[in-house]
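# Structural overview for review
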Amino acid sequence: MSLIKYFKNNPKLPSLVGDFIYKKNIGEGGNANVLLFQKNGVEFALKFLKTSSASQLSRFQDEFFCVSQLGGHANITKPYHFDSIVIDDERYYFMVMKHYTNTLAGLKSICNVSDFEKSEKGIKLFIALVKGIKYLHDNKILHRDIKPQNIFYCDENSTYVLGDLGIAKFSSDKFSREAATKKSDRMANYLYSAPEQVDSKGTVSEPADIFSLGQVMQWYLTGSAIRGTDRQTFSTSDSPDELRALDKVIDKCLKNDPNERYQSISDLILNYNEFFEQPKPKDHWTQIRVFDDVIRRSFTKIKRLLHTKDCIEIERFLRRFSEICDLNKFWFMSVDGGNNQLEQLVKIDDGSWLMSRDKEIRIEQLIVYRNNAAIQKDFFVIVTSAQTPFSTVDNKGNKIVRNIPDEVSEDWAYCYNDQYIEVDEVENGYYDTGSKEIEVDCRFQYRTRELQKFAYLIAPEGTPVAIINDWKPITNLLQEIVNKDELEQESLKLYLESTISHYSKDITYYM
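Notes on the structure follow. Only a predicted model underlies this, so the values are computations on that prediction, with no experimental measurement involved.

## Remarks on the overall build of the protein chain
Per the secondary structure count, the protein chain includes 14 helices and 25 strands. Here the C-alpha radius of gyration of the protein chain, 35 Å, is well above what a compact globule of 511 residues would show, namely 24 Å. For the protein chain, the spread of C-alpha atoms along the principal axes amounts to about 115 × 50 × 40 Å. A separation threshold of at least 6 residues defines the contact pool for the protein chain, and within that pool the share at least 24 residues apart is 62%. Surface accessibility of the protein chain: about 26,200 Å² in total, with carbon and sulfur atoms responsible for 45%. For the protein chain, the centre of its 66 positive side-chain charges and the centre of its 75 negative side-chain charges are spaced 9 Å apart.

## Focus on unusual backbone geometry
Residue Asp88 is not a glycine yet carries a positive backbone phi of 50°. Turning to its location among the elements, Asp88 is positioned in the loop between strand 5 (81-87) and strand 6 (90-98). One non-glycine residue with positive phi stands out, namely Asp164, at about 55°. Relative to the helices and strands, Asp164 is located in the loop between strand 10 (159-162) and strand 11 (169-170).

## Side note on the side chain of Arg231
If you trace the backbone, Arg231 turns up in the loop between helix 6 (206-222) and helix 7 (241-253). For Arg231, a relative accessible area of 15% translates into the label buried. In terms of polar contacts, Arg231 uses its side chain to reach the side chain of Gln218, at 2.9 Å. One polar contact links Arg231 to Asp247, side chain to side chain, over a distance of 2.5 Å.

## Some thoughts on helix 9 (residues 285-298)
Over its 14 residues, helix 9 extends 20 Å from the first C-alpha to the last, a length consistent with the 20 Å expected when each residue adds 1.5 Å. Among the residues of helix 9, Trp285, Gln287, Ile288, Phe291, Asp292, Val294, Ile295 and Ser298 are the ones counted as buried. Tucked into the core, helix 9 has its buried residues touching helix 10 (311-324), strand 13 (330-334), strand 18 (363-369), strand 19 (379-384), strand 25 (454-460) and helix 14 (505-508).

## Points about a negative patch on the surface
On the surface, Asp424, Glu425, Glu427, Asp432 and Glu437 cluster together into a negatively charged patch. With respect to the helices, strands and loops of the structure, Glu427 is situated in the loop between strand 21 (419-421) and strand 22 (430-432). Exposure remark for Glu427: the relative accessible area of 58% places this residue in the exposed category.

## Here we look at the pattern of salt bridges
Scanning the model with the defined rule gives 29 salt bridges in all. Lys147 is paired through a salt bridge with Asp145; the nearest N and O atoms lie 3.8 Å apart. A salt bridge links Glu480 to Lys484; the shortest N-O distance between them is 3.7 Å. Of this pair, Glu480 and Lys484 are both found in helix 12 (residues 472-484), four residues apart, which corresponds to roughly one turn of the helix. Residue class for Lys484 comes out partly exposed when judged on its relative accessible area of 40%.

## Focus on the packing of aromatic side chains
On inspection of all chains with the given rule, the structure shows 33 aromatic pairs. Seen from their ring centres, Phe48 and Phe94 are 5.2 Å apart, and the 35° between their planes marks the pair as tilted. With Phe48 in strand 4 (residues 42-49) and Phe94 in strand 6, this pair connects stretches of sequence that are 46 residues apart. When sorted by exposure, Phe48 lands in the same class as Phe94, which is buried. Seen from their ring centres, Phe321 and Phe380 are 5.1 Å apart, and the 80° between their planes marks the pair as edge-to-face.

## Brief notes about the sheet that holds strand 9 (residues 151-154)
With antiparallel pairing, the three strands of this open sheet are ordered in space as 7-9-10. Because the sheet does not close on itself, it has two edges, and the strands there are strand 7 (102-103) and strand 10. Relative to strand 10, strand 9 runs antiparallel, the two being bridged by four bridges. Residue pairing in the sheet places Phe152 in a bridge with Val161 of strand 10. Of the strands in this sheet, strand 9 and strand 10 are in contact with helix 4 (residues 115-138), which crosses strand 10 at around 35°.

## Looking at the sheet that holds strand 14 (residues 337-341)
Sheet architecture is open: six strands sit in the order 12-18-19-25-13-14, paired in antiparallel fashion. Strands with a single pairing partner mark the edges of an open sheet, and in this sheet they are strand 12 (305-308) and strand 14. Between one strand axis and the next, the sheet turns through 20° on average, direction left out of account. Across six bridges, strand 18 lies against strand 19 in antiparallel orientation. Among the inter-strand pairings, Ile367 is bridged to a residue of strand 19, identified as Val381. Where helix 12 meets the sheet, it contacts strand 13, strand 14, strand 18, strand 19 and strand 25, and its direction lies at approximately 135° from that of strand 25.

## Concerning the packing of helix 12 against helix 13 (residues 489-498)
In the contact formed by helix 12 and helix 13, the axes pass within 9 Å of each other and the chain directions differ by 170°. Between helix 12 and helix 13, the crossing angle belongs to the class labelled roughly antiparallel. Listed contacts from helix 13 to Pro473, Ile474, Leu477 and Glu480 of helix 12 are Ser491, Leu492, Tyr495 and Ser498. Grouping the amino acids of the contact of helix 12 with helix 13 by side-chain chemistry returns five nonpolar, two polar and one charged.

How each quantity is defined
- Residues numbered from 1 in each chain as written.
- Predicted model: local features only at pLDDT ≥ 70, side-chain atom pairs only at ≥ 80, totals over all residues.
- Heavy atoms only, no water.
- Helix = DSSP H or I, 4+ residues; strand = E, 2+ residues; numbered from the N terminus.
- Rg over C-alpha atoms; globule rule 2.2 N^0.38 Å.
- Contact = heavy atoms within 4.5 Å.
- Areas by Shrake-Rupley, 256 points an atom, 1.4 Å probe, with all protein chains shown as cover.
- Lys, Arg positive; Asp, Glu negative; His and termini not counted.
- Charge placed at Lys NZ, Arg CZ, Asp CG, Glu CD.
- Buried < 20%, exposed > 50% of the residue type's maximum accessible area, 1.4 Å probe, protein only.
- Polar contact = N/O pair within 3.5 Å; in protein donor to acceptor, adjacent residues only side chain to side chain.
- Expected span 1.5 Å × (residues − 1).
- Patch = residues over 30% accessible without salt bridge, like charges linked within 9 Å, V, L, I, M, F, W, Y side chains within 5 Å.
- Salt bridge = Lys/Arg side-chain N within 4 Å of Asp/Glu carboxyl O.
- Phe/Tyr/Trp six-rings, centres within 6.5 Å; stacked < 30°, edge-to-face > 60°.
- Pairing = 2+ DSSP bridges.
- Axes fitted to C-alpha atoms, helices over the stretch in contact; angles between N-to-C directions.
- Parallel < 35°, antiparallel > 145°, perpendicular 65-115°, else oblique.
- Nonpolar A, V, L, I, M, F, W, Y, C, P; charged D, E, K, R; others polar.

Pasting the structure below:
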């Protein structure tokens, strides 16, 4: 009677760790069957061996015992229990393993998807397999049967797991084992095994597993593995950098001559990194922490939200902020929108400040928000009063009468020799001083003024004010501040919720 038929009629399997209940057949090959069982509501895969061969039994025992000696790895399957049962006077040995809902073979190749998706999914599989194989090789284990059917997908961790070490070679220097591998043994699946593995006279070492890795990736990304030298590439010059780098690595993995392949997984990783260097995350956190310290030092009793119209408090904070923080790493947005680098914030007279080199502002109120639990969300708002238009002069120093319509909200001019001159006087690149024409250079400083109440939100680089494309969450917040002369809690909450996903990956990388 077959094993499957037996368990259909007798679903309960007794073991030293309790009873398992048969559910269905999963797969079979050679002398082994893999069946699905359930115990206490949890599904397990049980691998059964019926054999009279001492060498096959020794290899089956090694698969369990040698892998059990390892510490465990997220990308390598690990059996839970080894046992045996007598059925119709025949003894079956079995091991209990974690059940995975799918194999890579079941998920199929991704040859017909976009290059972007190929890159994303291909790199995910590649990294998982590289980690798993490196763990085996570091522990002196050659897998020797890497193929899509032996690669499982773990839903819990969203990663791939390399399993079925039934014909793996375990080093006798590291493991207590039963089976001895003969050089003439025929091993693994022909399609995915290395040429030296198919030729029983060849020496099988780490490059053989690396060849199988290449074949699996080639199949996954193109729909077919290769034999010989006729390899189909899976990237073009327009493909993502990651995919093009992977294509070059796989090409070397699939060399017929093992001496031309990577000699170790570490060599493979090093070469991949040379093809595609992952950029290091930008250090936004240094300025975030410095900024938070400036806020706490300037307003020692601040809880979350602070409003002040005190000129002394405002100047003390802004001077400290400008002196301690790197203003090139801070950005601002106004009521009108726009992502702008701050660069500068300096007091130019008793009532005015120069912001970002060209904006003359008169500060009416300072609003500071500090989040003790998430300091990357710290920001401050400068509320400015409506200003008078520039008082400009001609090249003889005579004041120009300017008729600016009431509906105009912004004025602009050039500052030269501590006086303001009209923009159209220098727009051609030269200025007539009255005695000579001079070229417009750094002595001429462009200035703007807002002729109505205005507001600016300032925060560190990498936060929403610097990278958000939809400006509405910030401009709406600033417009409400201008209208109500304060930042209300409900408006603050809406802003924080609307911008929660708009932080640089270089910030969230460390969160």
